[in-house]
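# Residue-level structural notes
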Amino acid sequence: QVQLVESGGGLVQPGDSLRLSCAASGLFFSGAAMGWFRQAPGKEREFVAAIDWSGGNTYYADSVKDRFTISKDNAKNTIHLQMNSLKPEDTAVYYCAAGFPPVGWSMRDDEYDYWGQGTQVTVSS
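What comes next is a walk through the structure. Because the structure is a prediction, the values reported are computed rather than measured.

### Observations concerning the environment of Asp62
With respect to the helices, strands and loops of the structure, Asp62 is situated in the loop between strand E6 (58-60) and strand E7 (68-73). By relative accessible area, which is 66% here, Asp62 ends up exposed. Separated by 17 residues in sequence, Asp62 and Arg45 place their C-alpha atoms 15 Å apart. At 3.1 Å, the side chain of Asp62 and the side chain of Lys65 are in polar contact.

### Considerations on the side chain of Thr119
Mapped onto the secondary structure, Thr119 falls in strand E11 (residues 119-123). By relative accessible area, Thr119 is classed as buried at 12%. A distance of 3.3 Å separates the side chain of Thr119 from the backbone nitrogen of Gly9, its partner in a polar contact. Non-local contacts of Thr119, meaning those with residues more than four positions away in its chain, are made with Glu6, Ser7, Gly8, Gly9, Leu20, Ala92, Val93 and Tyr94.

### Observations regarding the nonpolar core
Judged by nonpolar contacts, the single largest core of 33 residues is most densely connected at Met34, Trp36, Val48, Phe68, Leu81, Met83 and Tyr94. Every element with two or more residues in this core is listed here: strand E3 (18-25), strand E4 (33-39), strand E5 (46-51), E7, strand E8 (78-83), strand E9 (92-99) and E11.

### Some remarks on a nonpolar patch on the surface
Together, Phe28, Phe100 and Tyr114 give the surface a local cluster of nonpolar side chains, amounting to about 320 Å² of exposed area. Mapped onto the elements of the fold, Tyr114 is located in strand E10 (residues 114-115). Using a relative accessible area of 33% as the deciding quantity, one classes Tyr114 as partly exposed.

### Digging into the pattern of salt bridges
According to the stated counting rule, one finds seven salt bridges in the structure shown. Between Asp90 and Arg38 there is a salt bridge whose closest N-O contact spans 2.9 Å. With a gap of 52 residues between them, Asp90 in the loop between E8 and E9 and Arg38 in strand E4 connect regions that are remote in the sequence. With a relative accessible area of 5%, Arg38 lands in the buried category. Its salt-bridge partner being Asp62, residue Lys65 comes within 3.1 Å of it at the nearest N-O pair. Looking at Lys65, the relative accessible area reads 40%, which means it is partly exposed. Three or more residues are tied together by salt bridges with common partners; here these are Arg38, Glu46, Arg67 and Asp90.

About the criteria used
- Residues numbered from 1 in each chain as written.
- Predicted model: local features only at pLDDT ≥ 70, side-chain atom pairs only at ≥ 80, totals over all residues.
- Heavy atoms only, no water.
- Helix = DSSP H or I, 4+ residues; strand = E, 2+ residues; numbered from the N terminus.
- Buried < 20%, exposed > 50% of the residue type's maximum accessible area, 1.4 Å probe, protein only.
- Polar contact = N/O pair within 3.5 Å; in protein donor to acceptor, adjacent residues only side chain to side chain.
- Contact = heavy atoms within 4.5 Å.
- Core = buried A, V, L, I, M, F, W, Y, C linked by side-chain atoms within 4.5 Å.
- Patch = residues over 30% accessible without salt bridge, like charges linked within 9 Å, V, L, I, M, F, W, Y side chains within 5 Å.
- Areas by Shrake-Rupley, 256 points an atom, 1.4 Å probe, with all protein chains shown as cover.
- Salt bridge = Lys/Arg side-chain N within 4 Å of Asp/Glu carboxyl O.

Below, the structure written as structure tokens:
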């Protein structure tokens, strides 16, 4: 049984940083592409960042590029999302996803097979 468990969300002020983690179990983690998506109230889920199976290639939405960093630790079956310079528009529930997309990574949520329960990030003064 595959499980993805996110942690690290919370309430922060604009300009602050947060580090999200996602611990995976029950899947071939070292061969899986991993992604972070988010969904704000009243909006559709959107792509945030992805990392390929090796951890050597990363991809970001334009809205978070240069502020967020995704990383993958194959030894610990964990990924992280380091979020710096947070803005109110980053407020959302953040979801971790795992899958085996044909090209090794994806920004499409329908190419991920497994999802975590989500962790709330609120950026407000």
